[in-house]
Amino acid sequence: MDDMADDVARRMSRLNSEFYRLQASSFSATRHNRWPGWDRCLSHLVGDRAAPWDAGGASLRVLDLAAGNLRFATFLARALPRRRIDYHAVDNCEDLMATAPDAVPSGRVAVATHKVDVVEALLDGDLPTRLATAGLGPELGRGFDLVVSFGFLHHVPGEAARQRLLQGLVAATHPGGLCCVSLWRFMSEPGLAERARATTAQALDALGLDAQDLGPGDYLLGWQRLPGVWRYCHSFGDAEVERLAGAVGDSARLLGNFSSDGRTSSLNRYLVFRRS
């Protein structure tokens, strides 16, 4: 397993934090539609006859790590129109969470936001403590019915840190609950791959970095052709997906490992786990 040096990983973390702080509005404007893969993830939830999630009773308790503009909350509220939802959104960028649409029905969906720099916490080795300090301690103790992290693991530098994050997400899931993550595979699409190689070369030169500073599958992507604007992203290959799924061990059962999204329906790989 090849991992990025700690100083470079922290620089990538700061680069991404700055990107989202400065580009929150323009980024959010491109992130309102649901991803098709979400429907398939949700099918594992609503298809469980032993747990009628879209009915009365206790609220569905959800943790969304790196929630962005809360568009998954909007999707979930529409997909489960009869269900009360306690939704805990975690993100480092308050400006991005502030762009959340008004489509989340506040009378039925209670949204609580928590500011946590997840990547820095992973690099420091104290993610559970940071989450608890942000007000999630009692919730983590109970566990969530549904834990998701979509469009985020590609921002975590280093395979070991990505595995620790997935293990932490599974640990935050209540026994019998679901944990779902998406893994971006932009290098599987020729057009995106060509642009990724070009912008990475430009960014490395501009940032004074060497290609060897990055790990396998690591790239620096641009945004809307803006000069000097970069973000660190990792493209997941098949072998790493399998290692990541295996890192969960016996703590959860893998229910789904499928591709979806994008023009080829293969831009993201999804992993869906049932907590043991």
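Heads up: these notes are all about the structure in this document.

Here we come to the overall build of the protein chain. On a plain count of helices and strands, the protein chain comes out with 9 helices and 9 strands. Against the globule reference of 19 Å for 276 residues, the protein chain gives a C-alpha radius of gyration of 18 Å, in line with a compact fold. Based on the C-alpha atoms only, the size of the protein chain along its principal axes is roughly 55 × 40 × 40 Å. Buried positions account for 53% of the 276 residues belonging to the protein chain. Carbon and sulfur atoms make up 50% of the accessible area of the protein chain, which totals about 12300 Å².

Our next topic: helix H7 (residues 159–171). The end-to-end C-alpha distance of H7, which contains 13 residues, comes to 18 Å, matching closely the 18 Å that a straight helix rising 1.5 Å per residue would cover. Turning to H7, its buried residues are Glu159, Ala161, Arg162, Gln163, Leu165, Leu166, Leu169 and Val170.

Attention shifts here to the pattern of salt bridges. Side-chain pairs of opposite charge can arise where the charged atoms are in close proximity. Applying the stated rule across the entire model yields 14 salt bridges. As a salt-bridge pair, Asp6 and Arg10 come within 2.9 Å of each other at their nearest N and O atoms. Of this pair, Asp6 and Arg10 both sit in helix H1 (residues 6–29), 4 residues apart, roughly one helical turn. Taken together, the shared-partner salt bridges connect Asp6, Arg10, Glu120, Asp124, Asp126 and Arg130 into one network.

What tends to happen in soluble globular proteins is that the nonpolar side chains get buried as a cluster. With 48 residues, the main nonpolar core has Val118, Leu165, Leu166 and Leu271 as its most contacted residues. Residues within four places of Leu166 in sequence aside, it is in contact with Cys179, Val181, Leu244, Val248, Leu271 and Phe273. Formed by 27 residues, the second largest nonpolar core is a distinct cluster that contains Leu42, Leu45, Val148 and Tyr270.

Glancing now at the environment of Cys93. Counting through the fold element by element, Cys93 comes out in the loop between strand E2 (85–91) and helix H4 (94–97). Separated by 109 residues in the primary sequence, Cys93 and Gln202 place their C-alpha atoms 26 Å from one another. With sequence-adjacent residues up to four places away left out, Cys93 is seen in contact with Tyr20, Arg21 and Ala24.

As for its placement among the helices and strands, Asp218 is situated in strand E6 (residues 218–221). A polar atom in the side chain of Asp218 sits 2.8 Å from the side chain of Tyr232.

Thresholds, definitions, all that
Residues numbered from 1 in each chain as written. Predicted model: local features only at pLDDT ≥ 70, side-chain atom pairs only at ≥ 80, totals over all residues. Heavy atoms only, no water. Helix = DSSP H or I, 4+ residues; strand = E, 2+ residues; numbered from the N terminus. Rg over C-alpha atoms; globule rule 2.2 N^0.38 Å. Buried < 20%, exposed > 50% of the residue type's maximum accessible area, 1.4 Å probe, protein only. Areas by Shrake-Rupley, 256 points an atom, 1.4 Å probe, with all protein chains shown as cover. Expected span 1.5 Å × (residues − 1). Salt bridge = Lys/Arg side-chain N within 4 Å of Asp/Glu carboxyl O. Core = buried A, V, L, I, M, F, W, Y, C linked by side-chain atoms within 4.5 Å. Contact = heavy atoms within 4.5 Å. Polar contact = N/O pair within 3.5 Å; in protein donor to acceptor, adjacent residues only side chain to side chain.

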